[in-house]
Amino acid sequence: MDDLLFGTAGIPIGAKGEGTGKGIDSVKRLGLGAMELEFVQSVNISEKAAPIIASAAEKSKVVLTCHAPYFVNLNAEKMKVLEASRARLLKSAQIASACGAWSVCFHSAFYLGMDKEDAYKNVKKQLSLVMGALEQQGIDIWMRPETMGKKTQFGRLSEILKLSSELDRVMPCVDFAHMHALEGKNNTYDEFCGILEEVEKALGKQGLANMHIHFSGINYGPKGERNHLVLEESDFNYEELVRAFRDFKIKGVAISESPNIEEDALLLQKIYNRVAQK
């Protein structure tokens, strides 16, 4: 990546019902640079359709990412659930790669009342199996465990950075809204800079030049995330976040998960470009 590209979590609202190819065209017309394929309920693109989507993305010069299904728990107690979780991640990566996507983000696991260190070992073991299978199949795509917003979910920044430093082709998906929702913190310029400093400390300059980011407004309570909100209807300090992006010269993709996905993507892109001119 030569810069930070902004995009939508799924087909823009203005192109709903017209299919993924038209969604990519819509992203291009809006002046955005990325779109996330939403496999959150199921992998909804066929092997036959994937090359058509790859061609559309290449033609429009839109970078694709992917969100794997929610039904993943790499810390599950039942082998059946572990096998199904690995299969969903593998299928997501296979189809995303065939679509020409750059990376696949996913929700890793739940703690299930387990000691966090034991949960980490279990997640790492299962993700290692996924990465080994992808390597055997010759699939070269970034796999991105996401920072999570509920206290029951595996996905603290330290855990995601440790996985990324210990496993090849694994890098973080940093969801700034989730990190804010977890404790009600991580919402000032200094805190945003602190997050980016942690990324750089763990992963070096490459960590800042290879970022997959999610953002939105967020509603939260004592247990963490409740639901996503439009940026301007939330307490999220997004202008200071963008200033931190610029000051750290990060590169990669920033995906809007707000209910008004394209509007907030365009809003952050506008602020990002404005900050650059100062």
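Criteria and thresholds
- Residues numbered from 1 in each chain as written.
- Predicted model: local features only at pLDDT ≥ 70, side-chain atom pairs only at ≥ 80, totals over all residues.
- Heavy atoms only, no water.
- Core = buried A, V, L, I, M, F, W, Y, C linked by side-chain atoms within 4.5 Å.
- Buried < 20%, exposed > 50% of the residue type's maximum accessible area, 1.4 Å probe, protein only.
- Helix = DSSP H or I, 4+ residues; strand = E, 2+ residues; numbered from the N terminus.
- Contact = heavy atoms within 4.5 Å.
- Expected span 1.5 Å × (residues − 1).
- Pairing = 2+ DSSP bridges.
- Axes fitted to C-alpha atoms, helices over the stretch in contact; angles between N-to-C directions.
- Parallel < 35°, antiparallel > 145°, perpendicular 65-115°, else oblique.
- Nonpolar A, V, L, I, M, F, W, Y, C, P; charged D, E, K, R; others polar.
- Polar contact = N/O pair within 3.5 Å; in protein donor to acceptor, adjacent residues only side chain to side chain.

Any details on the nonpolar core? Residues and values, ideally.
Membership of the largest hydrophobic core comes to 88 residues, with the highest contact counts inside it found for Leu64, Leu127, Met143, Phe176, Leu196, Phe245 and Ile250. Element by element, the count of residues in this core is highest for helix α4 (residues 116-136), at 8 residues. Setting aside anything within four residues of it in sequence, one finds Met143 in contact with Leu89, Ala93, Val104, Phe106, Val130, Met131, Leu134, Arg169, Val170 and Met171.

How would you summarise helix α3 (residues 79-98) if you had to cite specific residues and measurements?
Under the 1.5 Å per step criterion, the end-to-end length of α3 is 29 Å for 20 residues, consistent within 8% with the ideal 28 Å. Among the residues making up α3, those that are buried are Leu82, Ser85, Arg86, Leu89, Leu90, Ser92, Ala93, Ile95 and Ala96. Among the structural elements, α2 (50-60), β3 (63-67), β4 (103-106), α4 and β6 (142-145) are those in contact with the buried residues of α3.

Describe unusual backbone geometry, naming the residues involved and giving the relevant values.
Its identity is not glycine, yet Asn186 carries a phi of approximately 50 degrees, on the positive side. Topologically, Asn186 is positioned in the loop between α6 (176-183) and α7 (189-203). Looking at Asn186, the relative accessible area reads 21%, which means it is partly exposed. In this model, Lys249 sits at a positive phi of 55 degrees, which is unusual for a non-glycine residue. Along the chain, the position of Lys249 falls in the loop between α9 (238-248) and β12 (252-256). Owing to a relative accessible area of 66%, Lys249 belongs among the exposed residues under this scheme.

Would you mind going over the environment of Val81 in detail, with residue names and values included?
Within the secondary structure, Val81 sits in helix α3. Counting along the chain gives 55 residues from Val81 to Gln136, while the straight-line C-alpha distance between them is 23 Å. With residues near it in sequence (within four places) discarded, Val81 still touches Asn73 and Ala76.

Can you break down the pairing of strand β9 (residues 211-215) residue by residue, with the values?
The buried count for β9 comes to 5 of 5 residues, which makes it a mostly enclosed element. Side chains Met211, Ile213 and Phe215 of β9 all project onto a buried face; the interleaved residues His212 and His214 project onto the opposite face, where all are buried too. For β9 and β12, the ladder comprises 5 bridges, and the chain directions are parallel. Its bridge partner lying in β12, His214 is registered against Ile255.

An account of the packing of helix α1 (residues 20-30) against α2 is needed here, citing residue identities and associated values.
Contact pair α1 / α2: the axes reach a minimum separation of 9 Å and the direction vectors enclose 10 degrees. Between α1 and α2, the angle falls in the class roughly parallel. For the pair α1 and α2, the contacting residues are Thr20, Ile24, Asp25 and Lys28 in the first and Ile53, Ala56, Ala57 and Ser60 in the second. Partitioning the contact of α1 with α2 into residue classes produces 4 nonpolar, 2 polar and 2 charged.

Break down α6 for me, with residues and values.
With 7 of its 8 residues buried, α6 lies for the most part within the structure. Regarding α6, the residues found buried are Phe176, Ala177, His178, Met179, His180, Ala181 and Leu182. If you check the start of α6, you find a side-chain oxygen 3.1 Å away from the backbone N of Ala177, and it comes from Asp175.

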